[in-house]
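Residue-level structure breakdown
These are the residues of each chain, in order.
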Amino acid sequence: METILDKIIAKKSETIEELYKRKEELKTVVQSKERRSLLNKIMQAEALSVIAEFKRASPSKGDINVEKDPKEQAKMYELYGADAISVLTDTPFFKGSYEDLAKVREAVNLPILCKDFIVDKIQIDFAKAYGADLILLIAAALEDEKLHELYTYATKLGLEVLLEVHNEEELERALKTDAPLIGVNNRDLKTFEVSLETTEKLAGKIKNSGRYMVSESGIATFEDILKVTSSGANAVLVGETFMKATDLESKIKEMKVSLGGLR
Ligand SMILES: O=P(O)(O)OC[C@@H](O)[C@@H](O)c1c[nH]c2ccccc12
């Protein structure tokens, strides 16, 4: 049975065809020379690192906040203490774009993660050209050979990689790379089921491997924060809760819990 992840990746081939047609554009887009490192921030942090996501919509939740201005939201994220910003650039299923990424780049001086289903090098070229400091690679969407190829390509371009897993098998595969940043997606991209136990289950092996762990998805309350930090998370990635927050400032600040030498 075709999963939503299969549908997203199948549709991605149209985007990739379009990007190759636009390849010439890469020569003109001004790329910031400065590199902003999320990894360094996380390594030096005394408090939980918060990656705030700009997400207009998603297949699991439909429209979240479609009209939100990316510059305005990104500036608020930075003002209230986010350590990095994640920007959805998938259009068909998340209503994101590279233009949103470029606007967030103009607005803030934080590390920016290009959040997309990356299966081809051209997507990494565009992510970099439009201002990303990191890209996401999803183990569930990539066979080992392609995963290693894209990881190497991105790091050679000077980008950091958040390597995302959802289960033991994907984690085993991820640990065969030297990716220092492992993202645990609490949401199953095939069923949309969300459980913070996903972070708890995978945390031990990640921490024992000396990598840093980002807990992603389904994080809304202070209790959620306590759960994932007690599992060993170094960072959280939060989208819907922030995109819908009526008091964004207190929501972000409550998540910046001290890790007090726990790491
Ligand atoms: O809106 P949430 O439940 O806070 O989730 C944010 C983020 O983790 C989620 O958007 C995400 C995590 N990994 C992804 C991969 C592709 C698309 C989206 C994602």
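Definitions and limits used
- Residues numbered from 1 in each chain as written.
- Predicted model: local features only at pLDDT ≥ 70, side-chain atom pairs only at ≥ 80, totals over all residues.
- Heavy atoms only, no water.
- UniProt positions renumbered as here; feature names shortened; annotations may be inferred.
- Pairing = 2+ DSSP bridges.
- Helix = DSSP H or I, 4+ residues; strand = E, 2+ residues; numbered from the N terminus.
- Axes fitted to C-alpha atoms, helices over the stretch in contact; angles between N-to-C directions.
- Buried < 20%, exposed > 50% of the residue type's maximum accessible area, 1.4 Å probe, protein only.
- Arc of directions from axis to C-beta.
- Contact = heavy atoms within 4.5 Å.
- Core = buried A, V, L, I, M, F, W, Y, C linked by side-chain atoms within 4.5 Å.
- Phe/Tyr/Trp six-rings, centres within 6.5 Å; stacked < 30°, edge-to-face > 60°.
- Parallel < 35°, antiparallel > 145°, perpendicular 65-115°, else oblique.
- Left-handed = near helix turned anticlockwise from the far one by under 90°.
- Near = heavy atom within 4 Å.
- Polar contact = N/O pair within 3.5 Å; in protein donor to acceptor, adjacent residues only side chain to side chain.
- Areas by Shrake-Rupley, 256 points an atom, 1.4 Å probe, with all protein chains shown as cover.
- 1 Å grid on protein atoms, 1.4 Å probe; cavity = no way out; pocket = protein on both sides within 12 Å on 5 of 7 lines; lining within 4 Å.
- Sits in = over half its atoms within 2 Å of the grid points.
- Points joined across faces, edges and corners; volume = space filled by probe spheres on them.
- Nonpolar A, V, L, I, M, F, W, Y, C, P; charged D, E, K, R; others polar.

In the annotation of an unreviewed UniProt entry, the entry for the chain reads Indole-3-glycerol phosphate synthase, and the organism field reads Niallia hominis. The record in UniProt for the chain states the following under Catalytic activity (unreviewed entry): "1-(2-carboxyphenylamino)-1-deoxy-D-ribulose 5-phosphate + H(+) = (1S,2R)-1-C-(indol-3-yl)glycerol 3-phosphate + CO2 + H2O". Entered under Sequence similarities (unreviewed entry) in the UniProt record, the comment concerning the chain runs "Belongs to the TrpC family."

Within the closed barrel, the 8 strands sit side by side as E1-E4-E5-E6-E7-E8-E9-E10. Their pairing is parallel. Each strand of the sheet is rotated relative to its neighbour by a mean of 25°, with strand direction disregarded. Across 2 bridges, strand E5 (residues 112-115) lies against strand E6 (residues 134-138) in parallel orientation. Opposite Leu113, over in E6, you have Leu134 as the bridge partner.

Residues of helix H8 (residues 197-208) that are buried include every one of Thr198, Thr199, Leu202, Ala203 and Ile206, and no others. Taken around the axis of H8, the buried residues stretch over an arc of 140°, which confines them to a single face. Looking at H8, the residues exposed on the side facing more than 90 degrees away from the buried face are Lys201 and Asn208. In this structure, the buried residues of H8 make contact with strand E7 (160-165), helix H7 (168-174), strand E8 (181-185), strand E9 (212-216) and helix H9 (222-231). Backbone geometry just downstream of H8 places Gly210 in the positive-phi region, at approximately 80°.

Within the largest apolar cluster, 90 residues are counted, with the highest numbers of intra-cluster contacts made by Tyr77, Ile135, Leu137 and Phe242. Beyond its immediate stretch of four places on either side in the chain, Ile135 contacts Leu113, Cys114, Ile118, Ile124, Ala127, Ala154, Leu159, Glu160, Val161 and Leu162.

Per the UniProt entry, the sites bearing "coiled-coil region" (unreviewed entry) are residues 9-36 in this numbering. Across residues 9-36, the secondary structure splits into 46% helix and 0% strand, with the terminal C-alpha atoms separated by 29 Å.

All right, on to the environment of Glu223 then. Among the secondary structure elements, Glu223 is positioned in helix H9. A residue is classified by how much of its surface remains accessible, and Glu223, at 53% relative accessible area, is exposed. Remark: the alpha-carbon pair of Glu223 and Leu147, spanning 76 residues in sequence, is separated by 34 Å.

Per the counting criterion, the structure on display carries 5 aromatic pairs. Judged by centre distance (5.9 Å) and plane angle (55°), the rings of Tyr77 and Phe242 are tilted. Taken together, the residues Tyr77 in helix H3 (residues 70-79) and Phe242 in helix H10 (residues 240-244) connect sequence positions 165 residues apart. Looking at Phe242, the relative accessible area reads 1%, which means it is buried. Note on Tyr98 and Tyr130: the rings are 5.7 Å apart at their centroids and 35° apart in plane angle, and the pair reads as tilted. Remark: Tyr130 occurs in the loop between helix H5 (121-129) and E6 and Tyr98 occurs in helix H4 (residues 98-107); sequence separation between them is 32 residues.

For the pair H3 and H4, the least separation of the axes is 8 Å and the interaxial angle reads 45°. Our classification of the angle between H3 and H4 gives oblique. Here H3 runs over H4; the crossing is right-handed. Contacts between H3 and H4 involve Pro70, Lys71, Ala74, Lys75 and Glu78 from the first element and Asp100, Lys103, Val104, Glu106 and Ala107 from the second.

Neighbouring residues of the ligand: 17 residues in total, closest Glu53, Lys55, Glu164, Ser217 and Gly239. Interatomic distance of 2.6 Å between a side-chain N/O atom of Glu53 and an oxygen atom of the ligand. Contact with the protein chains removes 98% of the 440 Å² of surface that the ligand exposes when unbound. Applying the majority rule of atoms within 2 Å of the grid points places the ligand in the largest pocket.

The next thing to look at is the layout of surface pockets. Over the atoms rolls a probe the size of a water molecule, and its path tells where empty space is left. Taken as a whole, the largest pocket spans an internal volume of roughly 440 Å³. Lining the largest pocket are 32 residues, and of these Glu53, Lys55, Lys115, Arg187 and Ser217 lie nearest its centre. Here the residues of the lining of the largest pocket are counted per class, giving 16 nonpolar, 7 polar and 9 charged. Roughly 160 Å³ of volume is contained in the second largest pocket. Considering the residues around the second largest pocket, the lining is formed by His166, Asn167, Glu168, Asn186, Asp188, Glu193, Val194, Ser195, Glu197, Thr198, Lys201 and Leu202. Take the lining of the second largest pocket: its biggest share by element is 4 residues, from H8. Each residue belonging to the lining of the second largest pocket can be placed in one class, and the counts come to 2 nonpolar, 5 polar and 5 charged.

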